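Listed below, chain by chain, are the residues.
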Amino acid sequence: SAVISQKPSRDICQRGTSLTIQCQVDSQVTMMFWYRQQPGQSLTLIATANQGSEATYESGFVIDKFPISRPNLTFSTLTVSNMSPEDSSIYLCSSRRANTEAFFGQGTRLTVV
Amino acid sequence: QQPVQSPQAVILREGEDAVINCSSSKALYSVHWYRQKHGEAPVFLMILLKGGEQKGHEKISASFNEKKQQSSLYLTASQLSYSGTYFCGTLGSSNTGKLIFGQGTTLQVKP
């Protein structure tokens, strides 16, 4: 199993500012992902965080808005840039090895005012 | 492509059974099942792999029809603790790929 520490757990931010969310896994994992979850909705994949290279973004998500870093096998950051109220959501970090289950951080509840 | 879950919501009495279905329009390598309670992270329940291998909790059962690209999660003798939202997640042709989740099925178990 893996334990994921994600921080901050929540934040209230002003529109136009940026927030960086950190994700630390307690063991080396092959894959790390970032999801967004609106209240009462499913988990929407934002991007796959690739170690040492640019993240792979899903349709509707772009690097300028959601820059992602993954400098090593256990750490990744997601930045939500130039925030607007529409960015208010829960952001979840996830990690997985091949043929195993996904583990999730506790999430970052972001409110943009 | 997001898998489709059915039903969207289920209300049960303790001790009753339920089945949650997950269907994909694409060929699948594996199907994952998770349960999420309000304000918490999703928790792993089961993986069903192409070829028949399964990994998961002993009290949870599920099936995976590779040809039909469908999976079902069976909840028997439900308990109050089973309440939550159930998500299936699907992996396409590669087991190192991304996990895409269905829209979720909300289960409420009443005393």
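Everything numeric here is computed off the predicted structure, so don't read it as measured data.

Q: If you had to explain the overall build of chain A to someone new, which residues and values would you point to?
A: Helix and strand counts for chain A come out as zero helices and 11 strands. When its helices and strands are written in sequence order, chain A yields β-β-β-β-β-β-β-β-β-β-β. The C-alpha atoms of chain A give 13 Å as radius of gyration, which agrees with the globular expectation for 113 residues (13 Å, within 12%). Taken along the three principal axes of its C-alpha coordinates, chain A extends 40 × 25 × 20 Å. By the burial criterion, 51% of the 113 residues in chain A qualify as buried. Taking contacts inside chain A between residues at least 6 apart in sequence as the whole, the part at least 24 apart equals 54%. If the 9 positive side-chain charges of chain A are averaged to one point and the 8 negative ones to another, these points end up 5 Å apart.

Q: I'd like a description of the overall build of chain B, backed by residues and values.
A: Across its full length, chain B carries zero helices and 11 strands. Helices and strands appear in chain B in the N-to-C order β-β-β-β-β-β-β-β-β-β-β. Here the C-alpha coordinates of chain B stretch approximately 40 × 25 × 20 Å along the principal axes. With the model as given, the accessible surface of chain B reaches about 5700 Å², and the carbon-plus-sulfur share is 48%. Separation of charge centres in chain B, based on 11 positive and 7 negative side chains, amounts to 9 Å.

Q: Tell me about the layout of surface pockets, and please be specific about residues and values.
A: Taken as a whole, the largest pocket encloses approximately 540 Å³ of empty space. Residue contributions to the lining of the largest pocket peak at three residues, all from strand S9 (residues 84-91) of chain B. Here the lining of the largest pocket is built from residues that sort into five nonpolar, 18 polar and four charged. The calculated volume of the second largest pocket comes to roughly 470 Å³. Considering the residues around the second largest pocket, the lining is formed by 29 residues, among which Glu 58 of chain A together with Gln 1, Gln 2, Lys 98 and Ile 100 of chain B are closest to the centre.

Q: Go over unusual backbone geometry with me, naming the residues and quoting the values.
A: With an omega of 5°, the peptide bond running from Lys 7 of chain A to Pro 8 of chain A counts as cis. Turning to its location among the elements, Pro 8 of chain A is positioned in the loop between strand S1 (4-7) and strand S2 (10-13). Here Ser 6 of chain B and Pro 7 of chain B are connected by a cis peptide whose omega angle stands at -5°. As for its position among the elements, Pro 7 of chain B is in the loop between strand S1 (4-6) and strand S2 (9-13).

Q: Please give an account of the sheet that holds strand S8 (residues 75-80) of chain A that cites residues and values.
A: All names here are of chain A. Here we have four strands laid out as an open sheet, ordered S1-S3-S8-S7, and antiparallel in their pairing. The open sheet has two edge strands, S1 and strand S7 (68-72), and neither has a second partner. Sheet twist, expressed as the mean angle between neighbouring strand axes with direction ignored, is 15°. The pairing of S1 with strand S3 (residues 19-25) spans four bridges and is classified as antiparallel. Counted as the bridge partner of Ser 5 is Gln 24 from S3.

Q: Which residues make up the pattern of salt bridges, and what values go with them?
A: Scanning the model with the defined rule gives two salt bridges over all chains in all. Close ionic contact of Glu 58 of chain A with Lys 98 of chain B constitutes a salt bridge, the shortest N to O distance being 3.1 Å. Residue Glu 58 of chain A is found in the loop between strand S6 (56-57) and S7, and its partner Lys 98 of chain B is found in the loop between S9 and strand S10 (100-101); the two belong to separate chains. Given the relative accessible area of 36%, Lys 98 of chain B is considered partly exposed.

Q: An account of the interface of chain A and chain B is requested, with residue identities and associated values reported.
A: Taken together, the contact pairs 19 residues of chain A with 23 residues of chain B. In this assembly, chain A packs against chain B so that about 1700 Å² is buried in total across both faces, 56% of it on carbon and sulfur atoms. Seen at the junction of chain A and chain B, the total is one salt bridge. At the boundary of chain A and chain B, one finds five residue pairs in polar contact (both at pLDDT 80 or more). Contributing elements (two or more residues each) for the side of chain A that touches chain B: strand S4 (31-37) and strand S5 (43-49) of chain A. Here the side of chain A that touches chain B gets four residues from one element, more than from any other, and that element is S4 of chain A.

Criteria and thresholds
- Residues numbered from 1 in each chain as written.
- Chains lettered and ligands numbered in written order.
- Predicted model: local features only at pLDDT ≥ 70, side-chain atom pairs only at ≥ 80, totals over all residues.
- Heavy atoms only, no water.
- Helix = DSSP H or I, 4+ residues; strand = E, 2+ residues; numbered from the N terminus.
- Rg over C-alpha atoms; globule rule 2.2 N^0.38 Å.
- Buried < 20%, exposed > 50% of the residue type's maximum accessible area, 1.4 Å probe, protein only.
- Contact = heavy atoms within 4.5 Å.
- Lys, Arg positive; Asp, Glu negative; His and termini not counted.
- Charge placed at Lys NZ, Arg CZ, Asp CG, Glu CD.
- Areas by Shrake-Rupley, 256 points an atom, 1.4 Å probe, with all protein chains shown as cover.
- 1 Å grid on protein atoms, 1.4 Å probe; cavity = no way out; pocket = protein on both sides within 12 Å on 5 of 7 lines; lining within 4 Å.
- Points joined across faces, edges and corners; volume = space filled by probe spheres on them.
- Nonpolar A, V, L, I, M, F, W, Y, C, P; charged D, E, K, R; others polar.
- Pairing = 2+ DSSP bridges.
- Axes fitted to C-alpha atoms, helices over the stretch in contact; angles between N-to-C directions.
- Salt bridge = Lys/Arg side-chain N within 4 Å of Asp/Glu carboxyl O.
- Buried area = accessible area lost by both parts, 1.4 Å probe.
- Polar contact = N/O pair within 3.5 Å; in protein donor to acceptor, adjacent residues only side chain to side chain.

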